[in-house]
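# Topology and contacts: notes
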Amino acid sequence: MQTVAVIDYGMGNLHSVAKALEHVGAGKVLITSDANVIREADRVVFPGVGAIRDCMAEIRRLGFDSLVREVSQDRPFLGICVGMQALLDSSEENDGVDCIGLFPGQVKFFGKDLHEDGAHLKVPHMGWNEVSQAVHHPLWHDIPDMARFYFVHSYYIAAGNPRQVVGGGHYGVDFAAALAEGSRFAVQFHPEKSHTHGLQLLQNFAAWDGRW
């Protein structure tokens, strides 16, 4: 049976992610902060919620910045929400935070005065939103284009490499909802809270060989 390590650095919605992975038959799901267990896992999930400064402080304290760079190179790797944002170069949050830098680009604030078509948009962006599929990717298998996923975020990703944007969202501004490169895939939305389409994405991740 394959193992899926859900990285625990104290800042993620770990149990709901783990339960969703178990529900789709992903294998033996381990919530862990043990670097050796993470290194030995067949697949790795990197979730995250909260303020990016606190997240990055814990990630660096535990040495998970270098660990994430290592394990995401040679096996299927999935970043979720702030776990995705942590993979970028930097974030505007908390007056600027350097992140892991696996994907070029910056995490930007939606702003306090976000409008569209004359209507004020609330920040954080919270709720269901369509995701446009920019390319065919194994993790989109059996998920229709413009399917709706559940988002909770005040900051969005302005990707530095458009070719890595495999899914797009729009909320006052266009933003990267999914990034991919090699065996790395990352989403701004919460698949574990996105019902049928989110569970399908996790099932696709469990079956993915990391090639694209």
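Within each chain, residue numbers correspond to sequence positions counted from 1 in written order. Where totals are concerned, whole chains, interfaces and linings use all residues; where local detail is concerned, this predicted model gives features only for residues with pLDDT of at least 70, and gives and counts side-chain atom pairs only at 80 or more. Excluded from the side-chain calculations are hydrogens and water; all other atoms, namely the structure's heavy atoms, are used.

### As for the overall build of the protein chain
- Strands are runs of DSSP state E lasting at least 2 residues, helices are runs of H or I lasting at least 4, and numbering of each runs from the N terminus. Across its full length, the protein chain carries 6 helices and 15 strands.
- C-alpha atoms define the radius of gyration, and 2.2 Å times the number of residues to the power 0.38 defines the globule rule. For 212 residues, the compact-globule formula gives about 17 Å, and the C-alpha radius of gyration of the protein chain, at 16 Å, lands near that figure.
- When the backbone C-alpha atoms are referred to their principal axes, the protein chain occupies close to 55 × 40 × 30 Å.
- Note on exposure labels: buried denotes an accessible area under 20% of the residue type's maximum, exposed denotes more than 50%, and partly exposed covers the range between, all computed with a 1.4 Å probe on protein chains only. Counting only residues that meet the buried cut, the protein chain has 53% of its 212 residues in that class.
- Contact criterion: two residues are considered in contact whenever any of their non-hydrogen atoms come within 4.5 Å of each other. For the protein chain, the proportion of contacts with a sequence separation of at least 24, taken over those separated by at least 6, is 70%.
- Only the protein chains shown count as cover for residues, and the accessible areas themselves come from Shrake-Rupley with a 1.4 Å probe. Surface accessibility of the protein chain: about 9300 Å² in total, with carbon and sulfur atoms responsible for 47%.
- Charge assignment: positive for Lys and Arg, negative for Asp and Glu; neither His nor the chain ends contribute. Taken as the charge location is NZ of Lys, CZ of Arg, CG of Asp or CD of Glu. In the protein chain, the 17 positive side-chain charges and the 25 negative ones have mean positions that sit 3 Å from each other.

### A look at the pattern of salt bridges
- We define a salt bridge as a contact between a side-chain nitrogen of Lys or Arg and a carboxyl oxygen of Asp or Glu at a distance within 4 Å. In the structure shown here, the tally under the stated rule is 5 salt bridges.
- A salt bridge links Glu58 to Arg61; the nearest nitrogen and oxygen atoms lie 2.9 Å apart. Note that Glu58 and Arg61 are positioned in helix H3 (residues 52-61) at a spacing of 3 residues, about one turn of the helix.
- The class of Arg61 is exposed, set by a relative accessible area of 58%.
- For Asp209, the salt bridge goes to Arg211, with nearest N and O atoms at 2.9 Å.

### Describing the UniProt feature "domain: Glutamine amidotransferase" (unreviewed entry) in the protein chain
- UniProt positions are given in the numbering used here, feature names are shortened, and annotations may be inferred rather than shown by experiment. Here the UniProt feature "domain: Glutamine amidotransferase" (unreviewed entry) sits at residues 6-205.
- End-to-end, the C-alpha atoms of residues 6-205 are 13 Å apart, and along that stretch the chain is 24% helix and 36% strand.

### Details of the side chain of Glu93
- Positionally, Glu93 belongs in the loop between strand E5 (90-91) and strand E6 (97-98).
- With no salt bridge to any partner, buried Glu93 finds its closest opposite charge in Arg53, at an N-O distance of 8.6 Å.
- Every residue in contact with Glu93, bar those within four places of it in the chain, is listed here: Gly50, Ala51, Ile52 and Tyr155.

### Considerations on unusual backbone geometry
- Following Val123, the chain continues to Pro124 via a peptide bond in cis, the omega torsion being 15 degrees.
- As for its placement among the helices and strands, Pro124 is situated in the loop between strand E9 (119-121) and strand E10 (125-133).
- Positive phi values are uncommon outside glycine, yet Cys81 reaches one of about 55 degrees.
- Here Cys81 is to be found in the loop between strand E4 (77-80) and helix H5 (82-85).

### Overview of the sheet that holds strand E12 (residues 155-159)
- DSSP calls a pair of strands paired once it identifies at least 2 bridges connecting them. Here we have 4 strands laid out as an open sheet, ordered E6-E5-E7-E12, and mixed in their pairing. Bordering the open sheet on either side are E6 and E12, each of which pairs with just one other strand.
- Of the strand pairs in this sheet, E5 and E6 are connected by 2 bridges, and their pairing is antiparallel. Across the sheet, the residue bridging to Ser90 is Asp98, located in E6.

### Some words on the sheet that holds strand E3 (residues 43-46)
- Spatial ordering of the open sheet is given by E2-E1-E3-E4-E15-E14-E13-E10-E11, a layout of 9 strands whose pairing is mixed. Of all the strands in the sheet, just strand E2 (28-32) and strand E11 (147-153) have a single pairing partner and so form its edges. Each neighbouring strand pair of the sheet contributes to a mean axis angle of 25 degrees, computed without reference to strand direction.
- Sheet topology note: the E10/E11 ladder contains 7 bridges and is antiparallel. Residue pairing across strands places His125 opposite His153, the latter belonging to E11.
- In the packing of helix H1 (residues 14-23) onto the sheet, contacts are made with strand E1 (3-7), E2, E3 and E4, and the angle to E2 comes to roughly 170 degrees. Interaxial angles span 0 to 180 degrees and are taken between N-to-C directions of axes, which are lines fitted to C-alpha atoms, for helices over the stretch in contact.

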